[in-house]
Amino acid sequence: MVRSRRIPFDGDRVLRTAGVVFAVALLVHGADHARRGVSELPPAVFWLGNAQTIGALAALFLVFTHHRWAPAAAIVVGFVSAVGFTVVHLVPDWGTLSDAFPGALSDAGVTAFSWFAALFEIAADLAFGAAGVYALRGRDQTHRRPVGAADVSGSTMGT
């Protein structure tokens, strides 16, 4: 007979793992922009990208220092980044906040690597945000006690 062993919840470990993937995706996406030339970006996209990078680095710092706000930062940065990169790169050109891949001219330098980098970044953003949700829910469940559970002093709640 094979016994299954229950694995303890470790949302922080999941969050750190997603953080590593997220950091790698940031580097890959940044490498594509460096390859294509950042001077080719519309100024608004350039500055929003820099703001996203600062937010991402702050969130990663919180995750790897085990800060209590790490899950919330991962949720915000992960999901906002996923939406932002989707709108900027995957939606056809729609103005100053666009670095559209669909229909990009050959001089824009968009290659299969560009598509991979953008899709990898979006997937990693979603994973980072989802890991934040998972870690936050796990913390909430860890801090809840059933009604009537003994507190530190040994008395029961509600009596």
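Refer to the structure printed above.
None of the values given here were measured: they were computed from a predicted structure.

## Thoughts on the side chain of Asp125
Alright, step 1. For Asp125, the location among the structural elements is in helix α4 (residues 112–143).
Alright, step 2. We note that Asp125 is buried and unpaired, the nearest opposite charge coming from Arg36 at a distance of 14 Å.
Alright, step 3. Polar side-chain contacts of Asp125 include one of 3.4 Å to the backbone nitrogen of Ala82.
Alright, step 4. Look past the residues within four positions of Asp125 in its chain and what remains in contact with it is Phe22, Gly78, Phe79, Ser81, Ala82 and Phe85.

## Quick notes on the pattern of salt bridges
Where charged atoms from two side chains of opposite charge approach closely, those side chains can pair.
Alright, step 1. Within the structure shown, the criterion is met by four salt bridges.
Alright, step 2. Between Asp32 and Arg35 there is a salt bridge; the shortest N-O distance is 2.8 Å. Remark: Arg35 and Asp32 occur in helix α1 (residues 11–36); sequence separation between them is three residues, near one turn of the helix.
Alright, step 3. A relative accessible area of 0% means that Asp32 is categorised as buried.
Alright, step 4. The residue Arg36 makes a salt bridge to Asp32 at a minimum N-O spacing of 3.7 Å. Pair noted here: Arg36 and Asp32 are both in helix α1, with a separation of four residues, about one helical turn. Grouping residues by exposure puts Arg36 and Asp32 together as buried.
Alright, step 5. When salt bridges with common partners are traced through the structure, they connect Asp32, Arg35, Arg36 and Asp99 into a single cluster.

## Regarding unusual backbone geometry
Alright, step 1. One non-glycine residue with positive phi stands out, namely His66, at about 60 degrees.
Alright, step 2. Counting through the fold element by element, His66 comes out in the loop between α2 (43–64) and α3 (70–90).

## Here's the deal with the nonpolar core
Alright, step 1. Membership of the largest hydrophobic core comes to 16 residues, with the highest contact counts inside it found for Leu15, Phe22 and Phe128.
Alright, step 2. Of all the secondary-structure elements, those providing two or more residues to this core are α1, α2, α3 and α4.
Alright, step 3. For this core, the leading source of residues is α2, giving five residues.
Alright, step 4. Beyond its immediate chain neighbours, meaning those up to four positions away, Phe22 contacts Gln52, Ala56, Leu60, Val77, Glu121, Ala124, Asp125 and Phe128.

What counts as what
- Residues numbered from 1 in each chain as written.
- Predicted model: local features only at pLDDT ≥ 70, side-chain atom pairs only at ≥ 80, totals over all residues.
- Heavy atoms only, no water.
- Helix = DSSP H or I, 4+ residues; strand = E, 2+ residues; numbered from the N terminus.
- Buried < 20%, exposed > 50% of the residue type's maximum accessible area, 1.4 Å probe, protein only.
- Lys, Arg positive; Asp, Glu negative; His and termini not counted.
- Salt bridge = Lys/Arg side-chain N within 4 Å of Asp/Glu carboxyl O.
- Polar contact = N/O pair within 3.5 Å; in protein donor to acceptor, adjacent residues only side chain to side chain.
- Contact = heavy atoms within 4.5 Å.
- Core = buried A, V, L, I, M, F, W, Y, C linked by side-chain atoms within 4.5 Å.

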